[in-house]
There are 2 protein chains.
Amino acid sequence: MPKRTSKDIRNESRFALLRGLYSLGTATRQELAATTGLSFATISNIVGELVEVGVLVEAGREDSGGGRPVTRLKISPERGALVGVDIAETYIHVDVYDLALGVIGQAESELAIEENEPAALVRRVAGVIDEAASGAGMPRSRLLRAGVSLPGQVDPQRGVSVFAPNWDWHEVHIQALLSEAIGLPVDVDNPLRAIALSELWFGAGRLVNNVATVNLGTGVGAGLAIDGELVRGASNTAGEWGHTTLVFDGRLCRCGRHGCVEAYLGVPGLQQTMAEINAGHDLLTGDRQREFVSDVAKGLSDGDPDCVKLLEVTGRYFAAALGNLINFINPDHVSVLGWTAGIIGPELLKVTEKYLPREVLPSAGSAVRLGLSTVVGNSVTLGMATLALEGFLEQVGVPSRGPAARTAAAKRAGVVPANQAAGT
Amino acid sequence: MPKRTSKDIRNESRFALLRGLYSLGTATRQELAATTGLSFATISNIVGELVEVGVLVEAGREDSGGGRPVTRLKISPERGALVGVDIAETYIHVDVYDLALGVIGQAESELAIEENEPAALVRRVAGVIDEAASGAGMPRSRLLRAGVSLPGQVDPQRGVSVFAPNWDWHEVHIQALLSEAIGLPVDVDNPLRAIALSELWFGAGRLVNNVATVNLGTGVGAGLAIDGELVRGASNTAGEWGHTTLVFDGRLCRCGRHGCVEAYLGVPGLQQTMAEINAGHDLLTGDRQREFVSDVAKGLSDGDPDCVKLLEVTGRYFAAALGNLINFINPDHVSVLGWTAGIIGPELLKVTEKYLPREVLPSAGSAVRLGLSTVVGNSVTLGMATLALEGFLEQVGVPSRGPAARTAAAKRAGVVPANQAAGT
């Protein structure tokens with residue numbers, strides 16, 4: 001049973017205030033109270049703390065209609081910078097953000113699959129961060145904290161990569177390694193958590209409470225927010241929708257299961273579908289995932305019948321896989337992102353929407369909207385920068401505890417003794 | 001974005017206190033503070049309110065080791081009774097509960113599929129309630145409130161059966177009809193919400209935060225609790241795991257989709273699997289769902305090879321379907337219940353556990369435990385009685401607002417204006 005303390009409640013309030021301020025841009029205390037539903041006293045309290053540590057600054061004063069002028073507030077873009085890092089299977093992408101979470105610098109570098117030695121990898125990451133920071137004209141001394149997304153199972157509390165199948169990592173203490181190499185406090189997490197958080201703070205989550213954020217790329221997964229809260233699950237691996245069955249006894253997935261969604265919707269899955277349609281198609285030459293998707297886009301605009309067929313078959317798979325997700329968790333919104341979506345998203349969604357009605361129960365189907373994510377930029381680095389912001393606020397003495405920390409605290413505190421059979 | 005008020009927080013605290021007290025049986029204020037993590041002041045406050053309305057009573061006093069004696073508290077079994085009703089497709093089951101949520105009377109009646117006229121159905125329900133109450137020696141005047149579970153999509157806020165495919169109901173104002181026929185305030189909801197709530201208050205949810213409660217019967221579904229909170233979804237239909245794809249282009253499901261989990265794990269699905277194994281098997285004569293499962297149990301204990309094969313095939317299906325659930329939401333615990341589970345649960349779980357490791361990702365698989373639910377009695381009526389208890393507390397002036405009400409309130413209050421593109 002989760003325990004709640006007044007501190008949790010206070011920090012949830014701050015979370016609500018910051019989300020409100022990112023939505024509004026600038027706001028008065030009154031506007032923040034109206035937006036969040038928190039009391040004016042609570043808002044004033046939190047604003048006071050955040051002004052004291054330089055995170056909030058005055059954005060002007062305005063007439064309040066007779067009384068004293070009221071102060072508009074904004075998040076300070078001058079307070080320093082946060083670093084968001086997306087370490088994927090084939091690249092390292094870094095965005096440097098100001099505290100208003102606007103991008104002020106970026107850099108990217110390819111990553112070979114064999115570069116799996118932790119110490120060497122973190123040196124690579126540090127190099128890409130330096131490049132991004134210098135592009136932003138930002139000396140290292142003004143970088144406040146970094147949030148780093150890693151593939152596989154990550155334990156953010158312990159700072160450990162529990163298991164990363166692509167690198168064959170088990171229990172790698174990556175947070176400490178990164179922090180030493182970068183010279184900054186570091187938060188680590190999994191990309192599904194990062195995209196869910198981006199969507200919650202900056203995408204569909206600003207409007208509705210239950211959002212699934214579906215990533216389509218080499219891999220496939222979904223970040224989940226339920227009742228306005230990020231879903232982590234028991235071991236921070238919730239959202240592995242890519243590894244749910246679409247076809248019983250179907251294609252072998254790289255996870256070892258058969259018939260997974262990823263084996264049909266991940267880029268290698270798209271390539272396999274194309275091979276089933278026309279094994280001799282030009283697009284299948286070489287080992288070029290990103291070029292493949294771009295070539296499909298070109299083929300579609302040229303009316304290549306095999307590409308049209310690929311889109312049709314893939315749309316049917318996507319509709320069935322989305323039907324599973326929608327029937328199971330009954331979201332208000334499904335946001336689609338990822339690099340495949342960035343290239344053929346509109347075309348794929350159009351076909352998918354044709355097949356979707358037959359895959360959803362009327363009750364869940366009528367409640368959901370499907371669309372490409374409206375989050376600007378890289379959702380993984382943005383989500384990690386958001387986590388780094390929370391970490392920074394703790395660091396400067398305005399401690400925060402999100403839902404995951406609360407759960408962990410409840411677990412540490414032990415369970416409720418069941419010394420009487422209930423319900424009898 | 002959900003809004004939180006101090007009232008929400010207060011009521012979440014009461015929820016935690018009541019759950020703690022159901023676990024502990026009797027408790028002092030100090031013990032309740034230790035169990036829930038709430039402050040002693042908060043506990044005293046809520047206890048004061050609940051004593052005033054007669055829900056909590058003294059269960060004795062004990063030496064506190066020198067100072068004043070401390071009072072033990074318990075939930076009053078004398079305060080009156082709650083009614084939990086499970087209207088399923090083929091029966092109406094009623095349990096009468098005291099406020100300590102112990103069963104004090106019950107009755108059941110068969111329901112024919114053609115009895116779908118709302119006014120006639122509620123008269124039938126009222127009759128079964130009368131029978132259960134008189135069995136409990138409980139005059140109608142001492143019944144406080146009823147919680148009624150209905151199949152299909154239910155909107156508990158509006159008291160409406162939005163859509164019940166088995167009865168072809170659309171927008172039936174069932175709460176008002178029930179309340180008039182029964183002569184009591186009534187809460188309505190869906191059985192997946194009820195079993196999730198039972199498991200949260202009285203089953204695995206006492207020990208861990210993320211629980212899926214899987215129901216195996218004629219139909220198949222899952223009630224969800226995430227981070228210790230009941231999951232409703234956008235339109236109160238979360239958990240329709242029975243209508244997620246197990247076999248792409250597979251068996252036609254009665255929902256109209258193909259290859260749904262329910263088409264393999266619901267009792268008609270088991271019968272179809274048996275027909276595929278041996279179309280001439282004795283068990284398949286007649287249209288007798290419950291007898292079929294009992295006959296399978298008998299066949300298994302007699303070593304009937306077709307029954308053994310059925311169990312094996314069904315265990316593989318169940319493992320794949322559970323793998324989907326586990327990989328997607330990463331629960332701490334999966335509790336299995338329902339009448340099929342009541343008859344062949346242990347045998348089915350044994351086979352399922354053999355196949356499960358190949359269906360789960362290591363990260364999610366190592367975090368989860370699978371077992372038959374430990375909730376005693378009918379989880380649907382117990383969950384509905386729990387909702388009726390919450391409703392009763394509102395009714396007597398100790399208003400409560402659960403997560404669903406909060407979500408609805410946030411929606412009514414409108415959304416956060418997005419007057420500035422974020423993340424740019």
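Cut-offs applied
- Residues numbered from 1 in each chain as written.
- Chains lettered and ligands numbered in written order.
- Predicted model: local features only at pLDDT ≥ 70, side-chain atom pairs only at ≥ 80, totals over all residues.
- Heavy atoms only, no water.
- Helix = DSSP H or I, 4+ residues; strand = E, 2+ residues; numbered from the N terminus.
- Rg over C-alpha atoms; globule rule 2.2 N^0.38 Å.
- Buried < 20%, exposed > 50% of the residue type's maximum accessible area, 1.4 Å probe, protein only.
- Contact = heavy atoms within 4.5 Å.
- Domains from an automatic or database assignment.
- Buried area = accessible area lost by both parts, 1.4 Å probe.
- Salt bridge = Lys/Arg side-chain N within 4 Å of Asp/Glu carboxyl O.
- Core = buried A, V, L, I, M, F, W, Y, C linked by side-chain atoms within 4.5 Å.
- Phe/Tyr/Trp six-rings, centres within 6.5 Å; stacked < 30°, edge-to-face > 60°.
- Axes fitted to C-alpha atoms, helices over the stretch in contact; angles between N-to-C directions.
- Parallel < 35°, antiparallel > 145°, perpendicular 65-115°, else oblique.
- Left-handed = near helix turned anticlockwise from the far one by under 90°.
- Nonpolar A, V, L, I, M, F, W, Y, C, P; charged D, E, K, R; others polar.

Colleague: When you look at the overall build of chain A in this model, what are you seeing that I'm missing?
Modeller: The helix and strand inventory of chain A stands at 14 helices and 16 strands. On C-alpha atoms alone, chain A measures out to a radius of gyration of 23 Å, which is about the 22 Å that the 2.2 N^0.38 rule sets for 424 residues. With the principal axes as the frame, chain A shows a C-alpha extent of 75 × 60 × 55 Å. A total of 424 residues make up chain A; the buried ones form 61% of that total. Intrachain contacts of chain A at a sequence separation of at least 6 include 62% that bridge at least 24 residues.

Colleague: Is there a simple way to think about unusual backbone geometry in this case?
Modeller: Excluding glycine, a negative phi dihedral is what most residues carry, and trans is how most peptide bonds are arranged. Its identity is not glycine, yet E171 of chain A carries a phi of approximately 55°, on the positive side. The class for E171 of chain A is partly exposed, based on a relative accessible area of 37%. The phi dihedral of L101 of chain B is positive, around 60°, even though this residue is not glycine. Topologically, L101 of chain B is positioned in the loop between β5 (91–98) and β6 (103–110). Classification of L101 of chain B by relative accessible area gives buried; the value is 0%.

Colleague: I tried to follow the domain arrangement of chain A on my own but got confused; where do I start?
Modeller: All names here are of chain A. When its domains are assigned, chain A resolves into domain 1 (6–75), domain 2 (81–191 + 379–400) and domain 3 (204–372). A straight line from the C-alpha centre of domain 2 to that of domain 3 covers 27 Å. If you look at the interface, domain 2 gives 8 residues, while domain 3 gives 7 residues. Each partner contributes to the roughly 610 Å² buried at the junction of domain 2 and domain 3, and carbon and sulfur atoms together form 38% of this total. A per-residue breakdown of the area domain 2 buries against domain 3 is headed by E89, Q153 and D189, which together make up 47% of the total. Run the count over domain 2 and domain 3 and you get 2 salt bridges.

Colleague: Any chance you could explain the nonpolar core here in plain terms?
Modeller: In summary, soluble globular proteins display a tendency toward joint burial of nonpolar side chains. Of all hydrophobic cores here, the largest spans 108 residues; its most connected members are W241, F318 and L325 of chain A together with W241, F318 and L325 of chain B. Discounting chain neighbours no more than four positions away, the residues touching W241 of chain B are F328 of chain A together with V214, V220, G221, A222, V261, L265, F318, A321, L322 and L325 of chain B.

Colleague: Looking at this structure, how should I read the packing of aromatic side chains?
Modeller: The relative placement of two aromatic rings is captured by the distance of their centres and the angle of their planes. Within the structure shown, the criterion is met by 15 aromatic pairs over all chains. Ring plane angle 35° and centroid distance 6.3 Å describe the contact between W201 of chain B and F202 of chain B, whose orientation is recorded as tilted. Judged by its relative accessible area of 2%, F202 of chain B is buried. One aromatic cluster in this structure is built from Y22, W201 and F202 of chain A.

Colleague: Where do I start with the packing of helix α8 (residues 267–277) of chain A against helix α10 (residues 305–329) of chain A in this structure?
Modeller: The relative placement of two packed helices comes down to the angle between their axes together with the axis-to-axis distance. Residue and element names in this part refer to chain A. Put simply, α8 and α10 touch, their axes get as near as 10 Å, and they point 125° apart. As summarised for this structure, α8 and α10 are arranged oblique, according to the angle between their axes. Between α8 and α10 the crossing geometry is right-handed. Where α8 approaches α10, its residues L270, T273, M274 and I277 are matched on the opposing element by D306, C307, K309, L310, V313, T314 and Y317. Across the contact of α8 with α10, the residue classes tally to 7 nonpolar, 2 polar and 2 charged.

Colleague: Quick question: what am I supposed to make of the pattern of salt bridges here?
Modeller: Once the charged atoms of two side chains with opposite charge are near each other, the side chains can pair. Residue and element names in this part refer to chain A. This model, assessed by the stated rule, comprises 33 salt bridges over all chains. R254 serves as the salt-bridge partner of E262, at 2.8 Å between the closest nitrogen and oxygen. Using a relative accessible area of 53% as the deciding quantity, one classes R254 as exposed. What emerges from the salt-bridge pattern is a single network uniting E31, E62 and R72.

Colleague: Explain the side chain of S335 of chain B to me, please; I cannot follow it from the model alone.
Modeller: Assignment of secondary structure puts S335 of chain B in strand β15 (residues 333–337). Residue classification places S335 of chain B among the buried positions, given a relative accessible area of 1%.

Colleague: Can you walk me through the packing of helix α9 (residues 289–302) of chain B against helix α11 (residues 339–355) of chain B in this structure?
Modeller: Residue and element names in this part refer to chain B. Close contact between α9 and α11 brings their axes to 10 Å; oriented N to C, the two are set at 15°. Considering the angle they form, α9 stands roughly parallel to α11. Considering how the two elements wind past one another, α9 and α11 form a crossing that is left-handed. Contacts between α9 and α11 involve Q289, R290, V293, S294, V296, A297 and L300 from the first element and W339, T340, I343, I344 and E347 from the second.

Colleague: I tried to follow the environment of A263 of chain B on my own but got confused; where do I start?
Modeller: Residues and elements named next belong to chain B. Here A263 lies in helix α7 (residues 262–265). What makes A263 buried here is its relative accessible area of 9%. Between the C-alpha atom of A263 and that of K354, which follows or precedes it by 91 residues, the distance is 22 Å. The residues contacting A263, other than those within four sequence positions of it, are R251, L252, C253 and G269.

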